[in-house]
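# Geometric and topological summary
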Amino acid sequence: MLIDSHCHLDYFEAELPDLLSRAQAAGVEEMVTISVRLSQTPWLIACAEAHPGVWCTIGVHPQHAHEEAMPEVAELVALTRHPKVVGIGESGLDYFYDRAPVDVQKESFRRHIHAARETGLPLCIHARDADDDIAGLLEEEHRNGAFPFLLHCFSSGRGLAERAAAIGGYFSLSGILTFPKSTDLRAIVADLPSDRLLLETDSPYLAPVPHRGKRNEPAYMARTAETLASVRSVSVEEIAALTTANFRRLFKKTT
């Protein structure tokens, strides 16, 4: 069994039954649909309630951190009480796009971290062109008390990988791992702790080879699993078992 730890099912609302059927046929039996705005929460929870293999998170993406009221930690914690809400985020820092001011992103990120610490639920982290600030903020907050976190769609440098791993971070690999030019990423992933690896699609984005350039969906994650198996010199079956076990350990509410 494969589990897609990060996708955006709201993009597929009109065809969700067919998409879930294709995913199951490809061995992807569960998935987590990710929040980027708190205003999405009712739809995300309803989607997860309607489909046994679907879970969800709550949170605000860094690119949208300036578009809604700054979330209160108590608000985030309260929303996680629903049994289908299994994580927090995605939150983090994104310096690639000049949308939300950096100070707003950082404050939002800290509040999500505090909610993750209080609830014990994993924080799904978006990191783009902000490796040093992400690592520094995670280390600073970790000194105030540990919290579970996952660097989603990991494609950053070795420095962030090593600093995140040192404080217990997990890493989710997407279709980027299959891209021909991702040689450096594959070398980093080969060295990551085996008990910290998960898989994702980030669909509808980042379709793996040979679907690159097309709309991504959970069924395509099998291609990423094959590449990860090659990188780690193990079988696809071992990768499926490993990443599923790691998912269950991190996303404790799914057990």
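What counts and how
- Residues numbered from 1 in each chain as written.
- Predicted model: local features only at pLDDT ≥ 70, side-chain atom pairs only at ≥ 80, totals over all residues.
- Heavy atoms only, no water.
- Helix = DSSP H or I, 4+ residues; strand = E, 2+ residues; numbered from the N terminus.
- Buried < 20%, exposed > 50% of the residue type's maximum accessible area, 1.4 Å probe, protein only.
- Contact = heavy atoms within 4.5 Å.
- UniProt positions renumbered as here; feature names shortened; annotations may be inferred.
- 1 Å grid on protein atoms, 1.4 Å probe; cavity = no way out; pocket = protein on both sides within 12 Å on 5 of 7 lines; lining within 4 Å.
- Pairing = 2+ DSSP bridges.
- Axes fitted to C-alpha atoms, helices over the stretch in contact; angles between N-to-C directions.
- Polar contact = N/O pair within 3.5 Å; in protein donor to acceptor, adjacent residues only side chain to side chain.
- Points joined across faces, edges and corners; volume = space filled by probe spheres on them.
- Nonpolar A, V, L, I, M, F, W, Y, C, P; charged D, E, K, R; others polar.

## Some points on the side chain of Glu141
One can find Glu141 in helix 5 (residues 131–143). With a relative accessible area of 3%, Glu141 lands in the buried category. Setting aside residues up to four positions removed in sequence, Glu141 forms contacts with Arg110, Ile113, His114, Arg117 and Phe147.

## Digging into the UniProt feature "binding site: a divalent metal cation 1" (unreviewed entry) in the protein chain
As annotated in UniProt, the feature "binding site: a divalent metal cation 1" (unreviewed entry) corresponds to His6, His8, Glu90 and Asp202 in the numbering used here. A maximum C-alpha distance of 11.2 Å among these annotated residues, which run over 197 residues, shows that they cluster at one spot. Cross-referencing the annotated residues with the lining of the largest pocket gives His6, His8, Glu90 and Asp202. For His8, the location among the structural elements is in the loop between strand 1 (2–7) and helix 1 (16–25). Residue classification places His8 among the buried residues on the basis of a relative accessible area of 5%. Once residues within four sequence positions are removed from consideration, His8 is found in contact with Thr33, Ile34, Val36, Glu90, Asp202, Ser203 and Pro204.

## A closer look at the sheet that holds strand 7 (residues 170–173)
Here we have eight strands laid out as an open sheet, ordered 1-2-3-4-5-6-7-8, and parallel in their pairing. The sheet is open, and its two edges are formed by strand 1 and strand 8 (197–199), each paired on a single side. Neighbour-to-neighbour, the strand axes of this sheet turn through a mean angle of 30 degrees, independent of strand direction. Packing against the sheet, helix 5 makes contact with strand 4 (85–94), strand 5 (123–128) and strand 6 (149–151), and its axis sits at approximately 150 degrees to strand 5. On top of the sheet, helix 9 (residues 236–250) reaches strand 1, strand 2 (28–33), strand 6, strand 7 and strand 8; it is set at about 100 degrees to strand 8, its chief contact.

## Remarks on the UniProt feature "binding site: a divalent metal cation 2" (unreviewed entry) in the protein chain
UniProt's feature table lists "binding site: a divalent metal cation 2" (unreviewed entry) at His126 and His152, given in the numbering used throughout. A maximum C-alpha distance of 6.1 Å among these annotated residues, which run over 27 residues, shows that they cluster at one spot. From the set just named, the residues that line the largest cavity comprise His152. Positionally, His126 belongs in strand 5. Residue classification places His126 among the buried residues on the basis of a relative accessible area of 12%. Beyond its immediate sequence surroundings of up to four residues, His126 is in contact with His61, Pro62, Gln63, Glu90, Ser91, Gly92, Leu93, Asp94, Ile134 and His152. Here His152 shows up in the loop between strand 6 and helix 6 (158–166). With a relative accessible area of 6%, His152 lands in the buried category. Setting aside chain neighbours within four positions, we find His152 in contact with His6, Glu90, Ile125, His126, Ser172, Glu200 and Asp202. A polar contact is formed between the side chain of His152 and the side chain of Glu90, at a distance of 3.1 Å.

## Side note on the layout of surface pockets
Taken as a whole, the largest pocket encloses approximately 640 Å³ of empty space. The wall of the largest pocket is formed by 26 residues, among which His61, Gln63, His126, Arg128 and Asp202 lie closest to the centre. Element by element, the count of residues in the lining of the largest pocket is highest for strand 5, at three residues. When its residues are assigned to classes, the lining of the largest pocket shows nine nonpolar, ten polar and seven charged.

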